[in-house]
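Reading the structure
In case you want the letters, here they are:
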Amino acid sequence: MEKAKRPIGVFDSGVGGISTLAALARELPSEDFLYFGDTLHAPYGTKTTEQVLQCVKAVVDHLLEQDIKALVIACNTASGAAAAPLRSVLSIPVIAMEPALKPAEESWKGGHILVMATPLTLRQPKFQGLMERFGAHAVPLPCPGLMELVEQEDDAGAAHYLSELFRQWDLNQVDAVVLGCTHYVFLKPLIRSMLPSRILITDGNAGTARQLRHVLAEHALLQEKPLGSVHFDTSGDRKLWLPVMERLYQKGLSIF
Ligand code: DGL
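Attention in this report is confined to the structure presented alongside it. (Residues numbered from 1 in each chain as written. Predicted model: local features only at pLDDT ≥ 70, side-chain atom pairs only at ≥ 80, totals over all residues. Heavy atoms only, no water.)

What follows is about unusual backbone geometry. Negative phi is the rule for most residues except glycine; trans is the rule for most peptide bonds. Here the residue pair A42 and P43 is connected by a cis peptide bond, since its omega of 0 degrees sits within 30 degrees of zero. Here P43 lies in the loop between strand 2 (33-37) and helix 2 (49-64). Backbone geometry at E153 places phi at a positive 50 degrees, although glycine is not the residue there. Structurally, the position occupied by E153 is in the loop between helix 7 (146-151) and helix 8 (155-167). (Helix = DSSP H or I, 4+ residues; strand = E, 2+ residues; numbered from the N terminus.)

With respect to topology, five strands assemble into an open sheet ordered 4-3-1-2-9, the strand pairing being parallel. Single-partner strands in this sheet number two, and they are strand 4 (94-95) and strand 9 (230-234). Contacts between helix 3 (residues 76-89) and the sheet are confined to strand 1 (8-12), strand 3 (70-73) and strand 4, with strand 3 contributing the most and set at about 155 degrees to the helix. (Pairing = 2+ DSSP bridges. Contact = heavy atoms within 4.5 Å. Axes fitted to C-alpha atoms, helices over the stretch in contact; angles between N-to-C directions.)

Okay, the pattern of salt bridges next. The full count for this structure, using the stated rule, is 12 salt bridges. Across the salt bridge formed by E27 and R213, the nearest N and O atoms sit 2.8 Å from each other. Of the two residues, E27 is situated in helix 1 (residues 17-27) and R213 in helix 10 (residues 205-218); the sequence distance between them amounts to 186 residues. For E27, a relative accessible area of 26% gives the class partly exposed. Taking the relative accessible area as the measure of exposure, R213 reaches 35% and is therefore partly exposed. Salt-bridge contacts for E164 lead to R167; the nearest nitrogen and oxygen are separated by 2.9 Å. Here E164 pairs with R167, and both are found in helix 8, just three residues apart, close to one helical turn. Residue classification places R167 among the exposed positions, given a relative accessible area of 62%. (Salt bridge = Lys/Arg side-chain N within 4 Å of Asp/Glu carboxyl O. Buried < 20%, exposed > 50% of the residue type's maximum accessible area, 1.4 Å probe, protein only.)

Bringing helix 8 into the picture now. Given a rise of 1.5 Å per residue, 13 residues ought to cover 18 Å, and the 18 Å separating the end C-alpha atoms of helix 8 matches this to within 8%. If you follow the buried residues of helix 8, they end up packed against strand 5 (112-117), strand 6 (138-142), helix 7 and helix 9 (188-194). (Expected span 1.5 Å × (residues − 1).)

On to the sheet that holds strand 6. Judged by pairing direction, the sheet is parallel, and its four strands sit side by side in the order 6-5-7-8 without closing on themselves. Two strands lie at the open edges of the sheet, namely strand 6 and strand 8 (200-203), each paired on one side alone. On average, each strand axis in the sheet is inclined to that of its neighbour by 25 degrees, with strand direction left out of account. Here four bridges tie strand 7 (residues 174-179) to strand 8, and the two strands are oriented parallel to one another. Each bridged residue has a counterpart across the sheet, and for A176 the counterpart in strand 8 is L200.

Relative to the helices and strands, L162 is located in helix 8. Overall, the relative accessible area of 0% leaves L162 in the buried class. Separated by 33 residues in sequence, L162 and L195 have C-alpha atoms that sit 10 Å apart. The residues touching L162, leaving out its near neighbours within four places in the chain, are M116, L146, L187, L190, I191 and M194.

Another point: the nonpolar core. V10, I18, F33, M116, I191 and L212 are the most contacted members of the largest nonpolar core, which totals 51 residues. A per-element tally of this core places helix 1 first, with six residues. Ignoring anything within four residues of it in the chain, the contact list for V10 reads L21, L24, F33, L34, Y35, F36, L63, V72 and A74. (Core = buried A, V, L, I, M, F, W, Y, C linked by side-chain atoms within 4.5 Å.)

Attention now moves to the pairing of strand 3. Looking down a regular strand, the side chains alternate between one sheet face and the other. Neither face of strand 3 is exposed, since A70 and V72 on one face and L71 and I73 on the opposite face are all buried. Pairing between strand 1 and strand 3: four bridges, direction parallel. Bridge assignment links I8 to a residue of strand 3, and that residue is A70. Relative to strand 4, strand 3 is paired through two bridges, and the arrangement is parallel. If you follow V72 over to strand 4, its bridge partner there is I95. With helix 3 bridging strand 3 and its parallel neighbour strand 4, the resulting β-α-β unit is right-handed. (Right-handed = clockwise from strand over helix to strand, strands pointing away.)

In the vicinity of the ligand lie 13 residues, with S13, Y44, G45, T77 and H183 positioned nearest. In this structure, a nitrogen atom belonging to the ligand sits 3.0 Å away from a side-chain N or O atom of D12. The separation between an oxygen atom of the ligand and a polar main-chain atom of G45 is 2.8 Å. Considered on its own, the ligand offers 300 Å² of accessible surface; in the complex 99% of this is hidden by protein. A class-by-class count of the residues in the shell around the ligand yields five nonpolar, seven polar and one charged. (Near = heavy atom within 4 Å. Polar contact = N/O pair within 3.5 Å; in protein donor to acceptor, adjacent residues only side chain to side chain. Areas by Shrake-Rupley, 256 points an atom, 1.4 Å probe, with all protein chains shown as cover. Nonpolar A, V, L, I, M, F, W, Y, C, P; charged D, E, K, R; others polar.)

As structure tokens, then:
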């Protein structure tokens with residue numbers, strides 16, 4: 001198949017990356033996307049780097065079998081663990097994510113910048129590097145257990161988790177909250193409703209979508225047909241997860 005006509009592979013540990021996928025499809029509606037959620041092995045964020053690398057290798061091998069033209073790691077945790085090793089062995093472009101700390105730091109007004117992410121994301125050298133550049137006022141906030149509430153679509157559980165999390169902070173002293181995990185983007189309307197409106201909330205989805213467009217253009221890989229497609233797959237029970245994935249995709253489209 002002509003190279004530009006091949007699909008783009010997108011993956012996450014579960015359904016979180018569907019928030020990213022919605023931003024990608026909105027930015028690049030002519031493209032065909034194959035989304036893979038590694039639900040069987042989720043969560044990644046409480047695993048070791050080595051365990052995540054092993055999971056990612058199996059997912060990427062599966063997507064490569066489907067002749068993808070580019071790979072988007074729609075997961076901050078997997079990006080930190082696997083982007084560099086994947087780039088060193090793959091011949092297709094690899095687009096990775098990181099917590100959107102830069103725009104939060106740029107809007108700093110004298111308070112704290114809370115960076116919500118998985119424990120593994122916050123432990124990784126990639127995040128340490130980001131902190132050195134843009135983290136002067138940042139406070140890492142590991143959120144183990146929160147992605148599971150998104151996977152289960154447990155809105156009441158998520159509201160309780162978040163109110164406990166934010167209760168520890170004087171919100172008058174907070175300037176921004178960074179959603180450093182693609183799952184948390186689904187909680188953005190809820191988080192927005194819990195925080196004073198002057199607090200900025202950032203995530204990496206729109207930036208990743210712009211980066212994908214840029215990289216595809218650079219490699220002459222942009223599609224030109226009118227309307228692309230989106231297909232979902234999972235390492236978990238398809239009957240159970242595919243309807244959840246479709247539903248969250250529609251929700252993701254409505255968030256952006
Ligand atoms: N969605 C993933 C991220 O962006 C992590 C969730 C997990 O712990 O698997 O970091």
